[in-house]
Amino acid sequence: MREIHVYLLKCGVAVLTGYVSALISLSAHWIVTIPVAVGVYIAVTLAFMRPLLNEAEMTRRKAWSVGAGAYTAFWLLSLIAFYNLLI
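The rules we used
- Residues numbered from 1 in each chain as written.
- Predicted model: local features only at pLDDT ≥ 70, side-chain atom pairs only at ≥ 80, totals over all residues.
- Heavy atoms only, no water.
- Core = buried A, V, L, I, M, F, W, Y, C linked by side-chain atoms within 4.5 Å.
- Buried < 20%, exposed > 50% of the residue type's maximum accessible area, 1.4 Å probe, protein only.
- Helix = DSSP H or I, 4+ residues; strand = E, 2+ residues; numbered from the N terminus.
- Contact = heavy atoms within 4.5 Å.
- Phe/Tyr/Trp six-rings, centres within 6.5 Å; stacked < 30°, edge-to-face > 60°.

Draft legend 1. Spotlight on the nonpolar core. Judged by nonpolar contacts, Val-13, Ala-14, Ala-22, Ala-37, Tyr-41, Val-44, Tyr-71, Trp-75 and Leu-79 together constitute the single largest core of nine residues. Contributions of two or more residues to this core are made by helix 1 (3–27), helix 2 (33–47) and helix 5 (68–86). Those residues in contact with Val-13 that sit more than four places away from it in its chain are Val-40, Val-44 and Tyr-71. If you look at the next biggest cluster of nonpolar residues, it comprises six residues, including Val-6, Leu-52, Ala-63 and Val-66.

Below you can see the structure in the form of structure tokens.
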């Protein structure tokens, strides 16, 4: 599995997580959504850890950081967009 596939998958999951976070923030405080987003990131990373580590020159630290910034940006953007659409 190439890194670009992991980036795209994490971006897609981040958009879905942003939607779920927007739904949660309608009924609870928005700070509750941060542990949800972190938990989903950890779950997705753990799910794709083995295929990533099979690639050449991929370390465990790099496997955790692949797509972290993109995930955060897409999650935050979709959270804001979906929250504004829902209210």
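Draft legend 2. Quick look at the packing of aromatic side chains. Applying the stated criterion across every chain yields a total of two aromatic pairs. Aromatic side chains Tyr-19 and Phe-82 sit 5.1 Å apart centroid to centroid with 80° between the ring planes, which places their arrangement in the edge-to-face category. Taken as a pair, Tyr-19 in helix 1 and Phe-82 in helix 5 lie far apart in primary sequence, 63 residues in all. Among the residues examined, Tyr-19 registers a relative accessible area of 35% and is labelled partly exposed. Relative to Tyr-71, the ring of Tyr-41 lies with its centre 5.1 Å away and its plane at 50°, an arrangement referred to as tilted. Separated by 30 residues along the polypeptide, Tyr-41 in helix 2 and Tyr-71 in helix 5 bring together distant segments of the chain. Among the residues examined, Tyr-71 registers a relative accessible area of 5% and is labelled buried.

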